[in-house]
Amino acid sequence: MKSLLLLSVLLVSTALQVQLAAKAPHRNEESQNSLVGAWKLVSLEEASADGQVHKADCNGMFVFTSDGKASVQVMYRNAQTDSAYAQGGYEASYGSYHIDDSSTFTFHIDGALVRTLIGKDLKRAYEISGNRLIVKSTNPSEHWRVVWERY
């Protein structure tokens, strides 16, 4: 009777270890890719022609999928904007992304409203704090900062 009980405990223990081992890589992928999901625009700060940083009057969405695709859309309420990424007050691009390290990702542009962006790799610095995603350019000549909030 004791050996049957011991065998049962051993089998259950082994089965649990196998299940945990099978789930471990998936859990690690999730923790490594906290960008996945849909994010709504909270604020966009950019430099104006005079060099002063101001908050743009706009709204938008950034979506990251688990298979490495991304899409961003921003609509400026004023159609006249100095943004190099917008045309007629609207910014839209899609493509693929990969996480470079814990603070940067690269967004490869497959399609965009501004056609000169197509085919480019845009490296971005990011930080996640709670349900907020802060994205900035890694290009020192670009002075903008975008705050997104998870939907």
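Right, let's walk through the structure included here. (Residues numbered from 1 in each chain as written. Predicted model: local features only at pLDDT ≥ 70, side-chain atom pairs only at ≥ 80, totals over all residues. Heavy atoms only, no water.)

**Some remarks on the side chain of serine 43**
- Among the structural elements, serine 43 can be located in strand β1 (residues 37-47).
- Here serine 43 is in contact with Lys55, Arg145, Val146 and Val147, once residues within four sequence places are set aside. (Helix = DSSP H or I, 4+ residues; strand = E, 2+ residues; numbered from the N terminus. Contact = heavy atoms within 4.5 Å.)

**Some words on the pattern of salt bridges**
- The full count for this structure, using the stated rule, is 5 salt bridges.
- We note a salt bridge from glutamate 149 to lysine 40, for which the minimum N-O separation is 3.7 Å. Here lysine 40 lies in strand β1 and glutamate 149 lies in strand β9 (residues 144-150), a separation of 109 residues in the sequence.
- Judged by relative accessible area, glutamate 149 falls into the buried class, the value being 18%.
- Taking the shortest distance from any N to any O, the salt bridge between glutamate 142 and arginine 124 comes out at 3.7 Å. (Salt bridge = Lys/Arg side-chain N within 4 Å of Asp/Glu carboxyl O. Buried < 20%, exposed > 50% of the residue type's maximum accessible area, 1.4 Å probe, protein only.)

**Observations concerning the pairing of strand β8 (residues 132-137)**
- Where strand β7 (residues 121-129) meets β8, 6 bridges bridge the pair, whose relative direction is antiparallel. The residue of β8 that forms the bridge with alanine 125 is lysine 136.
- Between β7 and β8, which pair antiparallel one after the other, the connecting turn spans 2 residues, and glycine 130 there sits at a positive phi close to 65°.
- Between β8 and β9, which pair antiparallel one after the other, the connecting turn spans 6 residues. (Pairing = 2+ DSSP bridges.)

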